[in-house]
Amino acid sequence: HHSRIYATVYHMTSNREDADDLTQETFLKAYKALKSFKGGSSFYTWVYRIAVNVSLQHIRRKKRRRWLMLGATGDEAERLSSGGRPELRLEDRELLERVYAAADRLSEKKRTVWVLHELQGLSPSEVSEVLEVPMNTVRSRLLAARKEIKSRLERDGTLSTEAGP
(Lines give C-alpha, C1' and ligand atoms only; values in the text may rest on other atoms or scores of the structure.)
Protein backbone atom coordinates (compact mmCIF):
# COMPACT_ATOMS: atom_id res chain seq x y z
CA HIS A 1 0.00 0.00 0.00
CA HIS A 2 3.05 2.25 0.26
CA SER A 3 2.90 3.78 -3.22
CA ARG A 4 -0.78 4.75 -3.01
CA ILE A 5 -0.40 6.16 0.50
CA TYR A 6 2.69 8.10 -0.59
CA ALA A 7 0.83 9.48 -3.63
CA THR A 8 -2.05 10.67 -1.48
CA VAL A 9 0.21 12.34 1.05
CA TYR A 10 2.29 13.86 -1.73
CA HIS A 11 -0.74 15.36 -3.46
CA MET A 12 -1.97 16.78 -0.20
CA THR A 13 1.36 18.33 0.84
CA SER A 14 3.03 19.08 -2.51
CA ASN A 15 6.38 18.29 -0.97
CA ARG A 16 8.46 15.14 -1.51
CA GLU A 17 10.34 15.36 1.79
CA ASP A 18 7.13 15.91 3.74
CA ALA A 19 5.47 13.06 1.84
CA ASP A 20 8.34 10.72 2.71
CA ASP A 21 8.16 11.66 6.39
CA LEU A 22 4.38 11.59 6.59
CA THR A 23 4.13 8.26 4.79
CA GLN A 24 6.56 6.79 7.30
CA GLU A 25 4.59 8.41 10.14
CA THR A 26 1.38 6.91 8.72
CA PHE A 27 2.76 3.39 8.77
CA LEU A 28 4.24 3.85 12.24
CA LYS A 29 0.86 5.03 13.54
CA ALA A 30 -0.87 2.15 11.79
CA TYR A 31 1.56 -0.35 13.31
CA LYS A 32 1.07 1.09 16.79
CA ALA A 33 -2.72 1.06 16.37
CA LEU A 34 -2.90 -2.34 14.68
CA LYS A 35 -4.62 -3.89 17.69
CA SER A 36 -7.45 -1.37 17.32
CA PHE A 37 -8.16 -2.40 13.71
CA LYS A 38 -11.48 -4.20 13.92
CA GLY A 39 -11.99 -5.07 10.26
CA GLY A 40 -15.10 -2.88 9.85
CA SER A 41 -13.51 -1.54 6.68
CA SER A 42 -10.72 -2.88 4.52
CA PHE A 43 -7.20 -2.65 5.92
CA TYR A 44 -6.25 -0.35 3.06
CA THR A 45 -9.12 2.07 3.84
CA TRP A 46 -8.09 2.09 7.50
CA VAL A 47 -4.47 2.96 6.63
CA TYR A 48 -5.67 5.50 4.07
CA ARG A 49 -7.73 7.23 6.75
CA ILE A 50 -4.65 7.43 8.96
CA ALA A 51 -2.64 8.93 6.07
CA VAL A 52 -5.27 11.59 5.40
CA ASN A 53 -5.45 12.51 9.08
CA VAL A 54 -1.65 12.66 9.40
CA SER A 55 -1.50 14.87 6.30
CA LEU A 56 -4.26 17.19 7.49
CA GLN A 57 -2.59 17.58 10.88
CA HIS A 58 0.70 18.40 9.18
CA ILE A 59 -0.91 20.97 6.89
CA ARG A 60 -2.74 22.61 9.76
CA ARG A 61 0.47 22.78 11.78
CA LYS A 62 2.30 24.46 8.95
CA LYS A 63 -0.80 26.48 7.99
CA ARG A 64 -0.11 25.71 4.38
CA ARG A 65 -2.68 26.44 1.76
CA ARG A 66 -1.05 24.70 -1.18
CA TRP A 67 -2.43 21.16 -1.53
CA LEU A 68 -1.78 20.19 -5.08
CA MET A 69 1.47 20.22 -6.92
CA LEU A 70 2.00 20.85 -10.57
CA GLY A 71 2.93 17.51 -12.00
CA ALA A 72 1.74 14.62 -14.08
CA THR A 73 -0.99 12.44 -12.63
CA GLY A 74 -3.18 9.66 -13.91
CA ASP A 75 -4.06 9.96 -17.59
CA GLU A 76 -1.69 12.86 -18.13
CA ALA A 77 1.27 10.80 -16.94
CA GLU A 78 0.29 8.05 -19.36
CA ARG A 79 0.02 10.50 -22.27
CA LEU A 80 3.38 12.04 -21.44
CA SER A 81 5.08 8.67 -21.25
CA SER A 82 3.51 7.52 -24.52
CA GLY A 83 5.41 10.20 -26.45
CA GLY A 84 2.41 12.12 -27.75
CA ARG A 85 2.72 15.34 -29.71
CA PRO A 86 4.75 17.92 -27.72
CA GLU A 87 2.23 20.72 -28.25
CA LEU A 88 -0.48 18.55 -26.71
CA ARG A 89 1.71 17.79 -23.73
CA LEU A 90 2.25 21.52 -23.23
CA GLU A 91 -1.48 22.18 -23.45
CA ASP A 92 -2.15 19.39 -20.97
CA ARG A 93 0.44 20.82 -18.61
CA GLU A 94 -1.00 24.33 -18.88
CA LEU A 95 -4.52 23.04 -18.34
CA LEU A 96 -3.37 20.97 -15.38
CA GLU A 97 -1.71 24.05 -13.89
CA ARG A 98 -4.96 26.01 -14.21
CA VAL A 99 -7.04 23.20 -12.71
CA TYR A 100 -4.63 22.87 -9.78
CA ALA A 101 -4.67 26.65 -9.24
CA ALA A 102 -8.47 26.57 -9.14
CA ALA A 103 -8.47 23.55 -6.80
CA ASP A 104 -5.94 25.27 -4.56
CA ARG A 105 -8.55 27.93 -3.80
CA LEU A 106 -11.14 25.42 -2.55
CA SER A 107 -11.92 25.13 1.14
CA GLU A 108 -9.98 22.43 2.98
CA LYS A 109 -13.01 20.12 3.16
CA LYS A 110 -13.87 20.40 -0.54
CA ARG A 111 -10.23 20.12 -1.59
CA THR A 112 -9.70 16.97 0.48
CA VAL A 113 -12.71 15.24 -1.08
CA TRP A 114 -11.68 16.42 -4.56
CA VAL A 115 -8.09 15.19 -4.16
CA LEU A 116 -9.13 11.79 -2.83
CA HIS A 117 -11.72 11.26 -5.54
CA GLU A 118 -10.31 12.97 -8.62
CA LEU A 119 -6.58 12.49 -8.15
CA GLN A 120 -6.43 9.30 -6.09
CA GLY A 121 -9.38 7.58 -7.70
CA LEU A 122 -11.27 6.66 -4.55
CA SER A 123 -14.98 6.06 -4.96
CA PRO A 124 -17.35 8.33 -3.02
CA SER A 125 -18.03 5.47 -0.59
CA GLU A 126 -14.28 5.02 0.00
CA VAL A 127 -13.87 8.78 0.55
CA SER A 128 -16.76 8.60 3.00
CA GLU A 129 -15.00 5.83 4.93
CA VAL A 130 -11.61 7.53 4.87
CA LEU A 131 -12.92 10.89 6.09
CA GLU A 132 -15.57 9.34 8.33
CA VAL A 133 -18.30 11.59 6.95
CA PRO A 134 -21.69 10.62 5.48
CA MET A 135 -21.84 9.67 1.80
CA ASN A 136 -24.17 12.61 1.05
CA THR A 137 -21.60 14.98 2.55
CA VAL A 138 -18.93 13.57 0.24
CA ARG A 139 -21.23 13.93 -2.76
CA SER A 140 -22.20 17.49 -1.93
CA ARG A 141 -18.58 18.55 -1.29
CA LEU A 142 -17.43 16.89 -4.51
CA LEU A 143 -20.21 18.51 -6.52
CA ALA A 144 -19.47 21.90 -4.96
CA ALA A 145 -15.73 21.50 -5.63
CA ARG A 146 -16.32 20.58 -9.26
CA LYS A 147 -18.71 23.51 -9.77
CA GLU A 148 -16.29 25.92 -8.14
CA ILE A 149 -13.35 24.70 -10.22
CA LYS A 150 -15.41 24.82 -13.42
CA SER A 151 -16.62 28.31 -12.59
CA ARG A 152 -13.07 29.55 -11.97
CA LEU A 153 -11.87 27.99 -15.23
CA GLU A 154 -14.74 29.62 -17.13
CA ARG A 155 -14.00 33.01 -15.56
CA ASP A 156 -10.32 32.86 -16.51
CA GLY A 157 -11.14 31.74 -20.07
CA THR A 158 -9.71 28.24 -19.75
CA LEU A 159 -13.15 26.73 -20.42
CA SER A 160 -15.80 28.19 -22.65
CA THR A 161 -19.25 28.54 -21.07
CA GLU A 162 -20.62 26.11 -23.68
CA ALA A 163 -18.24 23.36 -22.52
CA GLY A 164 -19.82 20.24 -21.07
CA PRO A 165 -19.17 18.87 -17.54
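Let me sum up the structure you'll find in this document. (Residues numbered from 1 in each chain as written. Predicted model: local features only at pLDDT ≥ 70, side-chain atom pairs only at ≥ 80, totals over all residues. Heavy atoms only, no water.)

### Side note on the overall build of the protein chain
Going by this rule: Strands are runs of DSSP state E lasting at least two residues, helices are runs of H or I lasting at least four, and both sets are numbered from the N terminus onward. Exposure classes here rest on a 1.4 Å probe applied to the protein chains alone. A residue is buried below 20% of its type maximum, exposed above 50%, and partly exposed in between. By definition, residues are in contact when any of their heavy atoms lie within 4.5 Å. Calculation of accessible area relied on Shrake-Rupley with a 1.4 Å probe; when residues are assessed, cover is drawn exclusively from the protein chains displayed.
Along its length, the protein chain carries eight helices and zero strands. From first element to last, N terminus to C terminus, the protein chain shows the α and β order α-α-α-α-α-α-α-α. Residue burial in the protein chain is summarised as follows: out of 165 residues, 41% are buried. Long-range contacts, defined as pairs at least 24 residues apart, comprise 63% of the intrachain contacts of the protein chain with a sequence gap of at least 6. Carbon together with sulfur atoms contributes 51% to the accessible area of the protein chain, which is approximately 9600 Å² in total.

### Some remarks on helix H7 (residues 124–131)
How we decide: Note that the arc is computed from the directions linking the helix axis to the C-beta atoms.
Buried within H7 we find Val-127, Ser-128, Val-130 and Leu-131. Projected down its long axis, H7 carries its buried residues within an arc of 165°, all on one side. Just past H7, the residue Glu-132 takes up positive phi, approximately 55°.

### Description of the packing of aromatic side chains
What counts is decided by this rule: Two rings from Phe, Tyr or Trp (for Trp, the six-membered ring) form a pair when their centres are within 6.5 Å of each other. A pair whose planes differ by under 30 degrees is stacked, one over 60 is edge-to-face, and the rest are tilted.
Across all of its chains, the model carries five aromatic pairs by this definition. Their ring planes at 50° and their centres at 5.1 Å tell us that Phe-37 and Trp-46 sit as a pair that is tilted. Aromatic pair Tyr-44 and Tyr-48: ring centres 5.0 Å apart, planes at 55°, arrangement tilted. In this pair, Tyr-44 and Tyr-48 are both assigned in helix H3 (residues 43–62), four residues apart and thus about one turn of the helix distant. For the pair formed by Tyr-44 and Tyr-48, the shared burial category is buried.

### Remarks on the environment of Arg-16
Put simply, the rule is: Residues adjacent in sequence count toward polar contacts only when both atoms are side-chain atoms; beyond that, a polar contact is any pair of N or O atoms within 3.5 Å, and within protein one must be able to donate a hydrogen and the other to accept it.
Inspection of the secondary structure assignment puts Arg-16 in helix H2 (residues 16–32). For Arg-16 and Tyr-6, which are 10 residues apart along the polypeptide, the C-alpha to C-alpha distance reads 9.2 Å. Residues in contact with Arg-16, not counting those within four places in the same chain, are Tyr-6 and Tyr-10. In this structure the side chain of Arg-16 is engaged in a polar contact, spanning 3.4 Å, whose partner is the side chain of Tyr-10.

### Notes on the packing of helix H6 (residues 108–119) against H7
Quick reminder of the rule: Angular values range over 0 to 180 degrees, each being the angle between N-to-C directions of two axes fitted as lines to C-alpha atoms, with helices fitted over their stretch in contact. For classification, angles of less than 35 degrees are called roughly parallel, those exceeding 145 degrees roughly antiparallel, those between 65 and 115 degrees roughly perpendicular, and all remaining angles oblique. A crossing counts as left-handed when the near helix is turned anticlockwise from the far one by less than a right angle, and as right-handed when that turn is clockwise. Polar here means any residue other than Ala, Val, Leu, Ile, Met, Phe, Trp, Tyr, Cys and Pro, which are nonpolar, and Asp, Glu, Lys and Arg, which are charged; Gly is therefore polar.
The interhelical angle for the contact between H6 and H7, taken along N-to-C directions, is 130°, at an axis separation of 10 Å. It follows from the interaxial angle that H6 and H7 lie oblique. You can see that H6 and H7 cross each other, and the crossing is right-handed. In this structure, H6 uses Thr-112, Val-113, Leu-116 and His-117 to contact H7, whose residues at the interface are Pro-124, Val-127, Val-130 and Leu-131. Among the residues making up the contact of H6 with H7, the classes are represented as six nonpolar, two polar and no charged.

### Considering a nonpolar patch on the surface
Quick note on the threshold: Each patch is built from residues lacking any salt bridge and having more than 30% relative accessible area; the joining distance is 9 Å for like charges and 5 Å for nonpolar side chains (Val, Leu, Ile, Met, Phe, Trp, Tyr). Within this document, salt bridges are pairs made up of a side-chain nitrogen of Lys or Arg and a carboxyl oxygen of Asp or Glu, the two lying within 4 Å of each other.
Side chains of Tyr-31, Leu-34 and Phe-43 sit close together on the surface and give an oily, nonpolar patch of about 330 Å² of accessible area. Relative to the helices and strands, Phe-43 is located in helix H3.

### Some remarks on unusual backbone geometry
For Glu-132, which is not a glycine, the phi torsion comes out positive at approximately 55°. Looking at the element boundaries, Glu-132 is found in the loop between H7 and helix H8 (135–155).

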